[in-house]
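Spelled out, the chains give:
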Amino acid sequence: MSRGDGDGWVTLPDGSERWGLYGAAGVLLHAPGIDGETPHVLLQHRASWTHQGDTWGMPGGALDSGESSVAGALREFGEEVDGELGPIDVSAVHRAARGSWHYDTVLTRSRAIRPFTGKNAESREIRWVPVDRVTELPLLPAFGEIWPLLRGALASRLDLVVDADAVLARSGGSGEEAVAELRDALAGLAGSGVPGDVLPDHLSLPPLHLWFPRVHLVTDAEVAPVPGVTIARGTASADAAGAARSPGGRAVLAVTDRTGRTGTAAPEWLLEKAGLEPLVHCA
């Protein structure tokens, strides 16, 4: 990857042009308002000289070759927005595909509203906007098209509860070393994301490209938590934790050998469809 090697225009088959030789990505940051409840999103008022300028959208730009959507979106955010981002939670990625070109929206959440301003000439203003007032602004057309879906996805999260014994029985492993290997593989999955098209339909999550799960590993083995994975011990049961979607948008999927009800998936789903099998080499 070479810094800035993604800058450039792509002409699509319909004759329209898009910025980003390898696609583009942006950050849609949301946070509770000052009252602690009313959700807000951070939007950018684009300078009039930019493509489809004098409209509102999210900070973002071209991806460099080999750069992930999350890394590229956060880099662009840092280049265009002045202020301390602080701790954020990355929940999902929405992909708007136009032939071979795509724009990825990285959904992130901050615990509270922080002050931000424009950092370069691309922005006329950076502003926190209540979600129910976003459509009052002249939106960048592409952002306006996907905003209804994005708004509905802001509060959604995927929690993955994994029964270590059930998964290791499928992969042929046992013991604390095998559990630790599974834990580390799950941490990688939490960071790389689960493709939305392999998730069970009964979760009723918005149709997004990637979901970054919060992983809870159920085991009695003496292993420590790692970033992206918490450890649930003793009385915790993966199939019991597989609850239906809550009103707050939290979808829980339990990976267990006791399947057959809403909110559960077999270990084969995790190992095969979620792509974990190449990462788990239990003997």
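Residues numbered from 1 in each chain as written. Predicted model: local features only at pLDDT ≥ 70, side-chain atom pairs only at ≥ 80, totals over all residues. Heavy atoms only, no water.

**A word on the pattern of salt bridges**
Applying the stated rule across the entire model yields 14 salt bridges. In this structure, Asp-64 engages Arg-75 in a salt bridge whose closest nitrogen and oxygen atoms are separated by 4.0 Å. Here Asp-64, found in the loop between β6 (60–62) and α1 (69–80), pairs with Arg-75, found in helix α1; they are eleven residues apart in sequence, far enough to count as distant. Considered together, Asp-64 and Arg-75 belong to a single accessibility category, that of buried residues. With a closest N to O distance of 3.5 Å, Arg-170 and Glu-268 form a salt bridge. Linking Arg-170 in helix α3 (residues 164–171) with Glu-268 in helix α6 (residues 267–273), this pair joins segments that are 98 residues apart in sequence. (Salt bridge = Lys/Arg side-chain N within 4 Å of Asp/Glu carboxyl O. Helix = DSSP H or I, 4+ residues; strand = E, 2+ residues; numbered from the N terminus. Buried < 20%, exposed > 50% of the residue type's maximum accessible area, 1.4 Å probe, protein only.)

**Some words on the side chain of Thr-108**
Checked against the element boundaries, Thr-108 lands in strand β9 (residues 101–110). Sequence-distant contacts of Thr-108, defined by excluding residues within four places in its chain, comprise Val-27, Leu-28, Leu-29, His-30, Ile-88, Asp-89 and Val-90. (Contact = heavy atoms within 4.5 Å.)

**Some thoughts on helix α2 (residues 141–153)**
Taking 1.5 Å as the rise per residue, α2 with 13 residues should run 18 Å; its terminal C-alpha atoms sit 19 Å apart, in good agreement. The largest bend in α2 amounts to roughly 50° and is located at Trp-147, with the proline Pro-148 lying one to four residues further along. For α2, the complete set of buried residues consists of Phe-143, Ile-146, Trp-147, Leu-150 and Ala-153. Buried residues in α2 make contact with β3 (24–32), β4 (39–46), β5 (56–57), β8 (88–98) and β9. (Expected span 1.5 Å × (residues − 1). Bend = angle between axes of the 7 residues up to and from the residue.)

**Considerations on the sheet that holds strand β12 (residues 157–163)**
Taken in spatial order, the five strands make up an open sheet running β16-β15-β12-β17-β18, and their pairing is parallel. Of all the strands in the sheet, just β16 (229–232) and β18 (264–265) have a single pairing partner and so form its edges. Pairing between β12 and strand β17 (residues 250–255): six bridges, direction parallel. Its bridge partner lying in β17, Val-161 is registered against Ala-254. Seen against the sheet, α3 touches β12, β15 (214–218) and β17 and runs at an angle of roughly 65° to β12. Sitting on the sheet, helix α4 (residues 175–192) is in contact with β12, β15 and β16, with an inclination near 165° to β15. (Pairing = 2+ DSSP bridges. Axes fitted to C-alpha atoms, helices over the stretch in contact; angles between N-to-C directions.)

**Some remarks on unusual backbone geometry**
Trans peptide bonds make up most of the peptide bonds, and negative phi angles are found at most residues other than glycine. Phi at Ser-204 takes a positive value of approximately 55°, unusual for a residue other than glycine. With respect to the helices and strands, the residue Ser-204 is situated in the loop between β13 (194–195) and β14 (210–211).

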